[in-house]
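Residues per chain, in single letters:
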Amino acid sequence: MRYHRPASFEEAAAIAAGASGATRFLAGGTDVLVQLRAGMVMPDDVIDLKLIPGVKEIARTADGGWRIGAAVSGAEMGRHAALRADWPGVVEGMCLVGSTQVQGRATLAGNLCNGSPAADSVPGMVAAGAVATVVGPAGRREVAVEDIPAGPGRTTLKPGEVIAAITLPPRGRAGGDAYLRFIPRTEMDIAVVGAAVNLRLDGDRVSEARVALGAVAPKVILVPAAAAAIVGTTLDEAALAALAAAATAAATPISDKRGTAEFRKDVVGVLVRRAALIARDRAKGAAK
Amino acid sequence: MTKLHVTATVNGDPVEFLADPRESLLDCLRDHLDLTGSKEGCGTGDCGACSVRLDGVLVCSCLVLGVEAEGRRIETIEGMANGAELHPLQRKFIENAALQCGFCTPGILVAAKALLEENPDPTESEIRYWLAGNLCRCTGYDKIIRAVQDAAAEMRGAN
């Protein structure tokens, strides 16, 4: 195994593109080292991204959004008051990943690239409309986060491609987001179901919404029908019931040791309602 | 396999070692630096027995490559006592019988010290969440929580 410390993402992508065997990009390492340890993969080349300038930065974009470098840890996001104020749902999703120790290292980009349908940070990013900056041998491209996962453990990234940063859009006026997951304990578990809602209010009515669900399909899914169920409403009981029904209808979960398909379809409706109400309350707080 | 030369600071002392790039920081601490206080429980970041500080950040040393330590500052359980004088957390763990087999204890002490630096007066719930990544199969945790609370109270009084 060769260990590389490139000084730019272009150099990182070139190393990966030129490698003949298995490669792994290393940011937080909380998935890569577990794979190594389990013997799932023994990379010939490990490409450590942490010496690339800007990779640990949370920076305002010119339009008022946020650019989160590929090696920013969950703990660093949790401590960033302005980021948390704009995108509490994204931050709370990331901060649910693993223990305090894992939070010291684990990253948004890594959680996304691990390709788990149950990844806690991904529904929040998808609901927010986050974009991944992908660097590869063919140059840079911007990809909607929902287009990165391809299925359990798989992504749409091409050989040699690496995520340099995640960009969240400007929060704008009267917006709020929230992520909730169900686990049978209080901490240190993998989502049985996850639901994220991001919305904007115009007065008391929802003017825009995005709804994303985790652990109820082969990958995290964006559900436009669920968003449509609440746009134009005041999130009254009828709207919430329609939201829950749309989420349940969009869910195509499996039954496994952590929950049955029937349970997941039911719980996703419960969580999405609750997340919508939290997002609304946060939007109202932001509107003041 | 080419080994890489790594220089770092461990508990305030400059150290150097040769690391196979596949080795974890935990392997390097234990096998190259003879610092065997950090334990390997699971090797996959679930149990916290290998907890150390890396540039002040609490991490599982089994989830860090040894070669990543180049130029970094590492603190382990071996640096916790001041010579023969135990850290208040260590003393309170003994007084409260907050350990039985002791395998998880170094990791829990390192993690608890990091908590009290960030939050000198944590609630029971905050302590339990902070230490959720440190598994103990002996104590049932209650004595650990009480020991951390006792140490925190003493340390607040001392400041």
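Thresholds applied
Residues numbered from 1 in each chain as written. Chains lettered and ligands numbered in written order. Predicted model: local features only at pLDDT ≥ 70, side-chain atom pairs only at ≥ 80, totals over all residues. Pairing = 2+ DSSP bridges. Helix = DSSP H or I, 4+ residues; strand = E, 2+ residues; numbered from the N terminus. Right-handed = clockwise from strand over helix to strand, strands pointing away. Buried ≥ 20, exposed ≤ 12 C-beta atoms within 10 Å, placed from the backbone. Contact = placed C-beta atoms within 7 Å. Axes fitted to C-alpha atoms, helices over the stretch in contact; angles between N-to-C directions. Parallel < 35°, antiparallel > 145°, perpendicular 65-115°, else oblique. Left-handed = near helix turned anticlockwise from the far one by under 90°. Nonpolar A, V, L, I, M, F, W, Y, C, P; charged D, E, K, R; others polar. Domains from an automatic or database assignment.

J.: Teacher, can you tell me more about the pairing of strand E3 (residues 45–48) of chain A here?
T.: Residues and elements named next belong to chain A. As paired strands, strand E1 (residues 2–4) and E3 are joined by three bridges and run parallel to one another. Across the sheet, residue His4 finds its bridge partner in E3, namely Ile47. The β-α-β motif built from strand E2 (residues 23–26), the intervening helix H2 (residues 32–38) and the parallel element E3 has right-handed crossover chirality.

J.: Is there a simple way to explain helix H5 (residues 88–95) of chain A in this structure?
T.: Think of an α-helix as turning once every 3.6 residues; residues three or four places apart then point the same way. The element H5(A) is extensively covered by neighbouring structure, given that seven of its eight residues are classed as buried. Taken together, the buried positions of H5(A) are A:Pro88, A:Gly89, A:Val90, A:Val91, A:Glu92, A:Gly93 and A:Met94.

J.: What is the right way to read the interface of chain A and chain B from this model?
T.: Where interface size is given, it is often the accessible area lost as the parts come together that is meant. On the chain B side, the residues contacting the 20 residues of chain A number 23 residues. Of all the elements, H2(A) adds the most residues to the side of chain A that touches chain B, at four residues.

J.: Is there a simple way to explain the packing of helix H2 (residues 88–95) of chain B against helix H3 (residues 105–118) of chain B in this structure?
T.: For any two helices packed against each other, the geometry comes down to the angle between their axes and how far apart the axes lie. Residue and element names in this part refer to chain B. Taken N-terminus to C-terminus, the directions of H2 and H3 make an angle of 130°; their axes are 10 Å apart at the nearest point. Classified by the angle their axes make, H2 and H3 are oblique. When you trace H2 past H3, the crossing you get is right-handed. Each of Leu89, Gln90 and Phe93 in H2 lies in contact with H3, whose residues at this interface are Thr105, Leu109, Ala112 and Lys113. Of the residues assigned to the contact of H2 with H3, the class counts are four nonpolar, two polar and one charged.

J.: Explain the sheet that holds E1(A) here, please?
T.: Strands in a sheet are paired, the pairing made by backbone hydrogen bonds, and the direction either parallel or antiparallel. All names here are of chain A. Taken together, the three strands give an open sheet; going across it, the order is E1-E3-E2, and neighbouring strands pair in parallel fashion. Where the open sheet ends on each side, the last strands, each with one partner, are E1 and E2. The sheet shows a mean angle of 20° between the axes of neighbouring strands, taken without regard to direction. Running at roughly 175° to E3, helix H1 (residues 9–18) makes contact with E1, E2 and E3 of the sheet.

J.: So what exactly am I meant to see when it comes to the packing of H2(B) against helix H5 (residues 142–158) of chain B here?
T.: All names here are of chain B. Packing of H2 against H5 brings their axes to within 8 Å, and their N-to-C directions diverge by 135°. As judged from the angle between their axes, H2 and H5 are oblique. At the point where H2 passes H5, the crossing takes the right-handed sense. Touching Pro88, Leu89, Lys92 and Phe93 of H2 are Ala147, Val148, Asp150, Ala151, Glu154 and Met155, all from H5.

J.: Please explain the domain arrangement of chain A as it appears in this structure.
T.: Residues and elements named next belong to chain A. Each assigned domain of chain A is listed with its residue range as follows: domain 1 (56–168) and domain 2 (191–287). Contacts between the two partners involve 19 residues from domain 1, matched on the other side by 19 residues from domain 2. Looking at the side of domain 1 that touches domain 2, the elements that each hand over two or more residues are H5, helix H8 (122–128) and strand E8 (149–151). Among the elements that take part in the side of domain 1 that touches domain 2, H8 stands out by supplying six residues, more than any other. The residue inventory of the side of domain 1 that touches domain 2, partitioned by class, reads twelve nonpolar, five polar and two charged.

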